[in-house]
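# Secondary and tertiary structure notes
Chain by chain, the residues:
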Amino acid sequence: GTMINSGQFDGMNNKEAIVKITEFLEKNKFGEKTINFRLRDWLISRQRYWGCPIPMIYCETCGWVPEREENLPVSLPTDVEFTGKGDSPLASSKTFRETTCPVCGAPAQREIDTMDTFLDSSWYFLRYTDARNENAVFDKEKAAYWMSVDQYIGGVEHAILHLLYARFFTKFLYDIGLSPVSEPFTNLLTQGMVLKDGSKMSKSLGNVVSPEEIISKYGADTARLFILFASPPEKELEWSDAGVEGSFRFINRVYRLIAELSDVVNAVSESAAAQGTSGTASAPGGSETFENRPGLSSDKELAYAVSRTVKKVGDDLGGKMGFNTAISAIMELVNALYKYKECDDVNTVLLKSALDDLVRILSPFTPHLCEELWAQLGHETTVYRADWPVYDESALVRDTVEIVVQLNGKVKEKLSVPSGLTKEELISEAQTSEKVRALTCGKEIVKIIAVPDKLVNIAVKG
């Protein structure tokens, strides 16, 4: 609004006046500009047994006093009765509750509430940097080596409050000289909610899905794969029993593929080892795979599929957190492997390399499955000690590409054409298609748009 009855500031917009009044006060040394931060009060005590005991003692004479430092930490007692009724379970332990005042030595009573676990989670990352230190909260130099945390992941509700308190704790510890950093986290990913039948999955609503049931029926890898594949991590995830079943079918498809081919590719590896030669290709598409067999386009297609997928998965996991798109790319690679194994002249060295790469890039999503498959492929060490595969740049250069031909924006034809065609050459290829000629016959072509190696869109009238 507009300032009134404000002397020299009359008629000013109130936002502008705040700045001018502050300048006036500072100029005349009546005050100075400052920023006040306010953090909402946070209840940290709970009437539970678990959680850290609050190291405070009540004395009739001295009132509330802290426990002596040499008596810290205060440990939870074992002689506790859990009734589910009344006070904190700690009230049932006389050995815990009854103590002496650290100040006057008179009989006193301990606080029987415990600190909420969120209190510990506001600084535990700092303790993790020096977890076995019995003389200090943590060593500042060790904390400096690890901090700040590279990636923070939390749900919307969790991140709003916990993130604030974790930052508050870290800033406080920094101000008193304990923490080497003032900010605890470098990057934030706020994950979406899990929904079921359109509502947020919640114990209070009674619409939760028991992990034990999923694991007992399908295995832990199925649950992991479904959750990571069903939605981008920052979006809401709608729980789907059909989706879980689909993830289970894919896992079995991968298992069947390697179970069928492992004996064949392992035999090649054993034979190569006996002859003192390499049984695997250094990279799909190199001279050990198909370079000496130029007539076999199926080899090149598989080498392209492997390198494209390794690159895609690496890019998606390397900062974007694109778990769902990475898994989708792996599914396409599995399709390509099923297609390749039906070829008349399969290159077993290329196939072995491709299967190895498949297991390595799938292992972050289905760790139990991939550990078993890695052993089936003849490896004696764990897959998690294997190097991440390196894609072959040359294999990503294709001789032919599939383009789509659209008529007024709708896909009408797909054509396989040489890669690298110019727009004019691409349009010519599209117009020589019998199907395209039939669809455009007798119609006025208004405009043609061509995107090299991707599409041709023909706009027509009539």
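What you are looking at is a predicted structure, and each value in this text was computed from that prediction instead of being measured.

## Let's talk about the pattern of salt bridges
All chains considered together, the criterion is met by 14 salt bridges. Notably, a salt bridge pairs Arg-97 with Glu-98, separated by 3.7 Å at the nearest N-O pair. Using a relative accessible area of 17% as the deciding quantity, one classes Arg-97 as buried. Here Glu-260 makes a salt bridge to Lys-341, at a shortest N to O gap of 3.1 Å. Taken together, the residues span a long stretch of sequence, with Glu-260 in helix 9 (residues 241-274) and Lys-341 in helix 11 (residues 323-341) at a distance of 81 residues.

## A few points about a positive patch on the surface
Residues Lys-410, Lys-412, Lys-435 and Lys-443 make up a contiguous surface patch of positive charge. Note on placement: Lys-443 falls in the loop between helix 15 (434-440) and strand 15 (444-451). For Lys-443, a relative accessible area of 32% translates into the label partly exposed.

## Section: unusual backbone geometry
Here the bond from Leu-72 into Pro-73 is cis, since omega is 0°, no more than 30 degrees from zero. Among the structural elements, Pro-73 can be located in the loop between strand 4 (63-66) and helix 2 (94-97). The step from Met-147 to Ser-148 runs through a cis peptide bond, and the omega angle for that step is 0°. A positive phi angle is found at Asn-5, which is not glycine, with a value near 50°.

## Digging into the packing of helix 11 against helix 12 (residues 348-362)
As a packed pair, helix 11 and helix 12 sit with axes 11 Å apart at the nearest point and diverge in direction by 160°. Taken as axis vectors, helix 11 and helix 12 run roughly antiparallel relative to one another. Like other packed secondary-structure pairs, helix 11 and helix 12 cross with a definite hand, here left-handed. Taken together, the residues of helix 12 that come into contact with helix 11 (itself represented by Ile-330, Leu-333, Val-334, Leu-337 and Tyr-340) are Leu-350, Leu-351, Ala-354, Leu-355, Leu-358, Ile-361 and Leu-362. For the contact of helix 11 with helix 12, a count of residues per class yields 12 nonpolar, no polar and no charged.

## What to know about the packing of helix 10 (residues 297-320) against helix 11
Taken N-terminus to C-terminus, the directions of helix 10 and helix 11 make an angle of 165°; their axes are 9 Å apart at the nearest point. With respect to helix 11, the element helix 10 is oriented roughly antiparallel. Both helix 10 and helix 11 take part in a crossing whose hand is left-handed. For the pair helix 10 and helix 11, the contacting residues are Ser-298, Asp-299, Leu-302, Ala-305, Val-306, Arg-308, Thr-309, Lys-312, Val-313, Asp-316 and Leu-317 in the first and Phe-323, Thr-325, Ala-326, Ala-329, Ile-330, Glu-332, Leu-333, Ala-336, Leu-337 and Tyr-340 in the second. The residue inventory of the contact of helix 10 with helix 11, partitioned by class, reads 13 nonpolar, 3 polar and 5 charged.

## A word on the sheet that holds strand 6 (residues 107-110)
The strands making up a sheet associate through backbone hydrogen bonding, with each pair oriented either parallel or antiparallel. Taken together, the 4 strands give an open sheet; going across it, the order is 4-3-6-5, and neighbouring strands pair in antiparallel fashion. The open sheet terminates on both sides in strands that have one partner only, identified here as strand 4 and strand 5 (98-100). Geometrically, the sheet is characterised by an average inter-axis angle of 40° between neighbouring strands, direction not taken into account. Judged from the 2 bridges that link them, strand 3 (residues 56-59) and strand 6 form a sheet pairing that is antiparallel.

## Some words on the environment of Arg-256
Among the secondary structure elements, Arg-256 is positioned in helix 9. On the basis of relative accessible area, Arg-256 is assigned to the partly exposed category, the value being 49%. Between the alpha carbons of Arg-256 and Gly-51 there is a distance of 47 Å; along the sequence they are 205 residues apart.

Parameters at a glance
Residues numbered from 1 in each chain as written. Predicted model: local features only at pLDDT ≥ 70, side-chain atom pairs only at ≥ 80, totals over all residues. Heavy atoms only, no water. Salt bridge = Lys/Arg side-chain N within 4 Å of Asp/Glu carboxyl O. Buried < 20%, exposed > 50% of the residue type's maximum accessible area, 1.4 Å probe, protein only. Helix = DSSP H or I, 4+ residues; strand = E, 2+ residues; numbered from the N terminus. Patch = residues over 30% accessible without salt bridge, like charges linked within 9 Å, V, L, I, M, F, W, Y side chains within 5 Å. Areas by Shrake-Rupley, 256 points an atom, 1.4 Å probe, with all protein chains shown as cover. Lys, Arg positive; Asp, Glu negative; His and termini not counted. Charge placed at Lys NZ, Arg CZ, Asp CG, Glu CD. Axes fitted to C-alpha atoms, helices over the stretch in contact; angles between N-to-C directions. Parallel < 35°, antiparallel > 145°, perpendicular 65-115°, else oblique. Left-handed = near helix turned anticlockwise from the far one by under 90°. Contact = heavy atoms within 4.5 Å. Nonpolar A, V, L, I, M, F, W, Y, C, P; charged D, E, K, R; others polar. Pairing = 2+ DSSP bridges.

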